Amino acid sequence: MIRLSVLALLLAAPLAAQDPAAAIDFAKLRDETAERLSEYIRINTSNPPGNELAAARWLQQTLAREGIEGTILDTAELGPGRANFYARLPGGGAGKGIALVHHMDVVTATPSQWSVDPFAGTIKDRQVWGRGALDMKGHGIIQLMAFIALRRAGVRLTRELVYVGNADEEIGGLGSRTFVEKHPDLVARIEYVLTEGSDTRVENGEVRWFGIGVGEKRTWWKRMVATGTTSHGSVPLGDNPVDRLVGALHRITAWETPVRLTPAVDRFFRAQSRDQTGEHRAWLADAGAALRNDRGRAWLLGESGRNALLRNTITPTVLQGSDKTNIIPQEASAELDIRLLPDEDTTAFRRELERLIGDPKIRLESIGDMAPRYDAPLDTELFRALERVARRLLPGVPLATTISAGATDRPYWTAAGAICYGIDPWLVELKERRLSVHGNDERLSLENIEYGLRLYVETLLEMQD
Ligand SMILES: [Zn+2]
């Protein structure tokens, strides 16, 4: 494990002389990045309403000063004050492009709960403070400055580099969906997308693993509706939809959904094994074997987070029947929060669910849309490049492939043909992340900005022939 204090030494280590990154003064770039982030935070893009057009204009001006042309897109489709943003650095080789993608909107903030103005872009105590510092303006500006740094260093790109800012990730994902739908020509040039959606774990000053986000569980919400015959509760007719619903709910909740270990989850558990001792360590190191052993299986599934990574889950939440004690209703319903493994076959799953319900007077209705499937391959050139860079920046830290329970824009990019990975361009304590992302006093340290710049610059250089 690596102590955070060691990071300062690693960042100061000189790079090999032939390395184009050696031409980059990372300390200077870091301070400049902090200034740009401060300016970007001052553009209030709280969603709703978003106001991403102002952010897109600022990105366009910032790149124009470097001689890079950026384009503001999709203003008509996204509505007043909203936009997507696109820029690129052409590459000379045959390989397709790499897109650095962020969302320009942020969630709202309650200033009275912050120790600084969330939209002032305050830089103090060697940190940049403000809404979006982590989610995800700080990430977007690290991407922007890595993009600019490669241009300034005159690096001969063989792969095209693309920079994208999307609107509306925090509410509906309308920005990314519109972008991939309206610009198939631009998307076709992109092989890889790097964006948010990882979990590089830092606890008590120790980096436990470097995470590459490779999948998302899919939200598949259903309403189960039972119909019957309404009548007075004093003389039941034997066709009460509440009885029928309760019976079906019982069959569903008693169902132990099959356990399945995907390669990404296997690798995630392996990265965690170092933190354990004895048989727990062995079980995490080889989850496949552990699942074939009763005690190992019970231990793995006994922890709710691991259980959710190993199977589809079905959680009944909202219930509705009659609103009067003495009236048997015509209908009764239950809402099910269903989360499927990233690669689940939804047709087969639905068939199994209907078989369990086994009642022709109960129907399943969909609640909302289901996002496309997102599970990225682990054996790609970019994955291996990230692995090499992480090993250099964080020696001895294991690499974990993470699956997130939350939603990002990655499924839409994946559906459009890109291979997407989520990374964290910083080492932030889990506790601090949980309190500040979508919470209060969100901030990013200068040291982390420098780490993020190196992570991006070195990874992008690894991808040039
Ligand atoms: Zn985000």
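Whatever comes next refers back to the structure up there.
Residues numbered from 1 in each chain as written. Predicted model: local features only at pLDDT ≥ 70, side-chain atom pairs only at ≥ 80, totals over all residues. Heavy atoms only, no water.

Participant: Describe the pairing of strand β4 (residues 97-103), naming the residues involved and giving the relevant values.
Facilitator: Burial of β4 is extensive: seven of the seven residues sit out of reach of the surface. Burial of the side chains of β4 extends over both faces: Gly-97, Ala-99, Val-101 and His-103 are buried on one face and Ile-98, Leu-100 and His-102 on the other. Taken together, the four bridges between β4 and strand β8 (residues 190-195) define a ladder with parallel strand orientation. Looking at β8, one finds that Ala-99 is bridged to Val-193. Sheet analysis places β4 next to strand β7 (residues 161-166), joined by six bridges and oriented parallel. Considered in β7, the bridge of His-103 is made with Asn-166. (Buried < 20%, exposed > 50% of the residue type's maximum accessible area, 1.4 Å probe, protein only. Helix = DSSP H or I, 4+ residues; strand = E, 2+ residues; numbered from the N terminus. Pairing = 2+ DSSP bridges.)

Participant: Please provide a residue-by-residue account of the coordination of the zinc ion, values included.
Facilitator: Binding of the zinc ion to the protein goes through His-103 (NE2), Asp-135 (OD), Glu-196 (OE) and Glu-196 (OE), at separations of 1.9 to 2.6 Å. Considering all four donor atoms around the zinc ion, the spread of angles at the metal, 54 to 154 degrees, places the coordination shape in the irregular class. All donor residues of the zinc ion come from one chain, and their arrangement in sequence is H-x31-D-x60-E. With Asp-135 in the loop between β6 (127-129) and α5 (137-152) and Glu-196 in the loop between β8 and β9 (201-203), this pair connects stretches of sequence that are 61 residues apart. Assessed through its relative accessible area of 10%, Asp-135 is described here as buried. (Donors = N, O, S within 2.8 Å, 3.2 Å for Na, K, Ca; no water. Tetrahedral: all angles 85-135°; square planar, octahedral: opposite > 155°, others 65-115°.)

Participant: Tell me about the packing of helix α3 (residues 52-64) against α5, residues and numbers included.
Facilitator: Remark: α3 packs on α5, axes separated minimally by 11 Å, with the N-to-C direction vectors making an angle of 20 degrees. With respect to α5, the element α3 is oriented roughly parallel. As for how α3 packs across α5, the hand of that crossing is right-handed. In contact with Trp-58, Leu-59, Thr-62 and Leu-63 of α3, α5 contributes Ile-141, Leu-144, Phe-147 and Ile-148. (Axes fitted to C-alpha atoms, helices over the stretch in contact; angles between N-to-C directions. Parallel < 35°, antiparallel > 145°, perpendicular 65-115°, else oblique. Left-handed = near helix turned anticlockwise from the far one by under 90°. Contact = heavy atoms within 4.5 Å.)

Participant: Describe helix α15 (residues 381-393), with residues and values.
Facilitator: Its 13 residues give α15 an end-to-end C-alpha distance of 18 Å, which sits within 8% of 18 Å, the value for a rise of 1.5 Å per residue. Here α15 has its buried residues at Leu-382, Phe-383, Ala-385, Leu-386, Glu-387, Val-389, Ala-390 and Leu-393. (Expected span 1.5 Å × (residues − 1).)

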